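Below are the chains, spelled out letter by letter.
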Amino acid sequence: MPDPAPTLTAALALAADGYPVFLLGRSKRPVANCPQCPKAELDPHHDPETCDHLTCHGFYAATRDPQRITAMHTAVPGGLLAIRTGRVCNLAVIDIDPRNGGDIDRDLMPPTRAVRTGSDGWHLYYRHPGGTLGAKLRGCPGVDIKADGGYVVAPPSIHPGTRRPYRWLSDRAVIEMPPPLVSACRPTEAPTAASPNTTAIPLDRGGGISSPAALLAAHLAAVTSAPEGRRRNTLYGAARGVARMVAAGAITPADAHTALYQAGRAAGQTDRDTRAAIDGGFRAEAIPTEGIAA
Ligand SMILES: [Zn+2]
Ligand SMILES: [Zn+2]
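Overview of the structure. (Residues numbered from 1 in each chain as written. Chains lettered and ligands numbered in written order. Predicted model: local features only at pLDDT ≥ 70, side-chain atom pairs only at ≥ 80, totals over all residues. Heavy atoms only, no water.)

### Considerations on the overall build of the chain
Of regular secondary structure, the chain possesses seven helices and nine strands. Counting across all 294 residues of the chain, residues that qualify as buried make up 51%. The long-range share in the chain, meaning contacts at least 24 apart out of those at least 6 apart in sequence, stands at 72%. Carbon and sulfur atoms make up 52% of the accessible area of the chain, which totals about 13,700 Å². (Helix = DSSP H or I, 4+ residues; strand = E, 2+ residues; numbered from the N terminus. Buried < 20%, exposed > 50% of the residue type's maximum accessible area, 1.4 Å probe, protein only. Contact = heavy atoms within 4.5 Å. Areas by Shrake-Rupley, 256 points an atom, 1.4 Å probe, with all protein chains shown as cover.)

Here it is in structure tokens:
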């Protein structure tokens, strides 16, 4: 007998395996926030990580709770199943897109749990090695890394463009990355505001924030673009968001502090206000700031 709700069945199975799942819209883009949820990065008091709305804030809606998953399946009919990646579930996915020249490098990428995507690419599932990962695999054109602040579409979703399904290639266990692959995943430079490149990273790639650098850039851009009079509050909100990245191991406390401090000063805040907003934001997320100099 065919499964009457294959997406729901797959979602519940992934959740039981420890993966937080959510549903994208039919178009493969995140579902729009409800009217009550402002753009998270613009409201320092609205935390997407703790917002309890069922489908708001893209991958932040991901859950392992069977009841929420079932409700989400009802709320987003025909939605594409997606897994939130990153240290949150010890998962980093090597995303190979042949349309951009990507291919499996069998020396670098040992066999692991894998998906054939609906666009003839591959998703190779590895355990997150910890620390900061870049958005792209160094030396491998057409190969992205989906980890902290990212997600991947999962079977049995149908690619909206090709109408072909995502499917599991094997039921192998998710293995550790070998050291050469870990090295290739490391960013070439640390994502701090000290690097002028940070704010040039595209914030919206296919509707989701897909790398720690981009997530950091989004927080910092919110500070520098906030209207006068709201900048201090915005900096506080950004500090909380970046502090959560520290908690996730995506950035060091010192780099986080430096990036926020520079963003605050660039937004015309005084030294004193800037430090107070950062300290307050870090404290609210239980990240110690002692011993960190801006
Ligand atoms: Zn909402
Ligand atoms: Zn919300």
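### Considerations on the coordination of the zinc ion (ligand 1)
Protein coordination of the zinc ion (ligand 1) is provided by Cys 34 (SG), Cys 37 (SG), His 53 (ND1) and Cys 56 (SG), with donor distances spanning 2.0 to 2.3 Å. Angles of 91 to 127 degrees at the metal separate the four donor atoms of the zinc ion (ligand 1), which places the site in the tetrahedral class. Counting residues between consecutive donors of the zinc ion (ligand 1) along the chain gives the motif C-x2-C-x15-H-x2-C. The two metals, the zinc ion (ligand 1) and the zinc ion (ligand 2), are separated by 4.0 Å and share Cys 37 as a common coordinating residue. Taken together, the positions of Cys 34 in the loop between strand 1 (21–24) and helix 2 (66–75) and His 53 in the loop between strand 1 and helix 2 put the pair 19 residues apart, joining distant regions of the chain. (Donors = N, O, S within 2.8 Å, 3.2 Å for Na, K, Ca; no water. Tetrahedral: all angles 85-135°; square planar, octahedral: opposite > 155°, others 65-115°.)

### Let's talk about the sheet that holds strand 2 (residues 80–84)
Strand order across the open sheet formed by three strands is 1-2-7, with antiparallel pairing between neighbours. Looking at the sheet topology across the chains shown, the edges are occupied by strand 1 and strand 7 (151–153). For this sheet, the mean angle separating the axes of adjacent strands, direction not counted, is 35 degrees. Note that strand 1 and strand 2 share four bridges and pair antiparallel. Residue pairing for strand 2: Val 21 is matched across the bridge by Ile 83. Across the sheet, helix 1 (residues 6–16) lies against strand 1 and strand 2, angled at about 10 degrees from strand 2, the strand it touches most. (Pairing = 2+ DSSP bridges. Axes fitted to C-alpha atoms, helices over the stretch in contact; angles between N-to-C directions.)

### Here we look at the packing of helix 5 (residues 231–247) against helix 7 (residues 271–284)
Viewed as axis vectors pointing N to C, helix 5 and helix 7 meet at an angle of 40 degrees, and their least axial separation amounts to 8 Å. In terms of orientation, helix 5 and helix 7 fall into the oblique class. Pair helix 5 / helix 7 crosses with right-handed handedness. Contact residues: Arg 232, Leu 235, Tyr 236, Ala 239, Arg 240 and Ala 243 in helix 5; Asp 273, Thr 274, Ala 277, Ile 278, Gly 280, Gly 281, Phe 282 and Ala 284 in helix 7. For the contact of helix 5 with helix 7, a count of residues per class yields eight nonpolar, three polar and three charged. (Parallel < 35°, antiparallel > 145°, perpendicular 65-115°, else oblique. Left-handed = near helix turned anticlockwise from the far one by under 90°. Nonpolar A, V, L, I, M, F, W, Y, C, P; charged D, E, K, R; others polar.)

### A look at the coordination of the zinc ion (ligand 2)
Around the zinc ion (ligand 2), the donor atoms from the protein are Cys 37 (SG), His 46 (NE2), Cys 51 (SG) and His 57 (NE2), and they sit 2.1 to 2.2 Å away. Note that the zinc ion (ligand 2) binds four donor atoms; their angles at the metal cover 91 to 117 degrees, and the shape is tetrahedral. Motif for the zinc ion (ligand 2), donor spacing along one chain: C-x8-H-x4-C-x5-H. The class of His 46 is buried, set by a relative accessible area of 18%.

### Concerning unusual backbone geometry
Excluding glycine, residues mostly have negative phi values, and the peptide bonds linking residues are mostly trans. The residue after Pro 155, namely Pro 156, is reached through a cis peptide bond having omega 5 degrees. Among the secondary structure elements, Pro 156 is positioned in the loop between strand 7 and strand 8 (167–168). At His 57, a position not held by glycine, the phi torsion is positive, near 70 degrees. For His 57, the position within the fold is in the loop between strand 1 and helix 2. Positive phi is not limited to glycine here, since Arg 163 has a value of about 65 degrees. Relative to the helices and strands, Arg 163 is located in the loop between strand 7 and strand 8. On the basis of relative accessibility, which here comes to 59%, the residue Arg 163 falls in the exposed class.

### What about the pattern of salt bridges?
On inspection of all chains with the given rule, the structure shows 11 salt bridges. The partner of Asp 144 in a salt bridge is Lys 136, and the shortest N-O contact between them spans 2.9 Å. Taking relative accessible area as the criterion, Asp 144 reaches 13% and is therefore assigned buried. Using a relative accessible area of 52% as the deciding quantity, one classes Lys 136 as exposed. If you follow the salt bridges from partner to partner, you end up with Asp 47, Arg 240, Arg 244 and Glu 285 in one network. (Salt bridge = Lys/Arg side-chain N within 4 Å of Asp/Glu carboxyl O.)

### Things to note about the side chain of Asp 144
For Asp 144, the location among the structural elements is in strand 6 (residues 143–146). Side-chain polar atoms of Asp 144 contact the side chain of Lys 136, separated by 2.9 Å. (Polar contact = N/O pair within 3.5 Å; in protein donor to acceptor, adjacent residues only side chain to side chain.)

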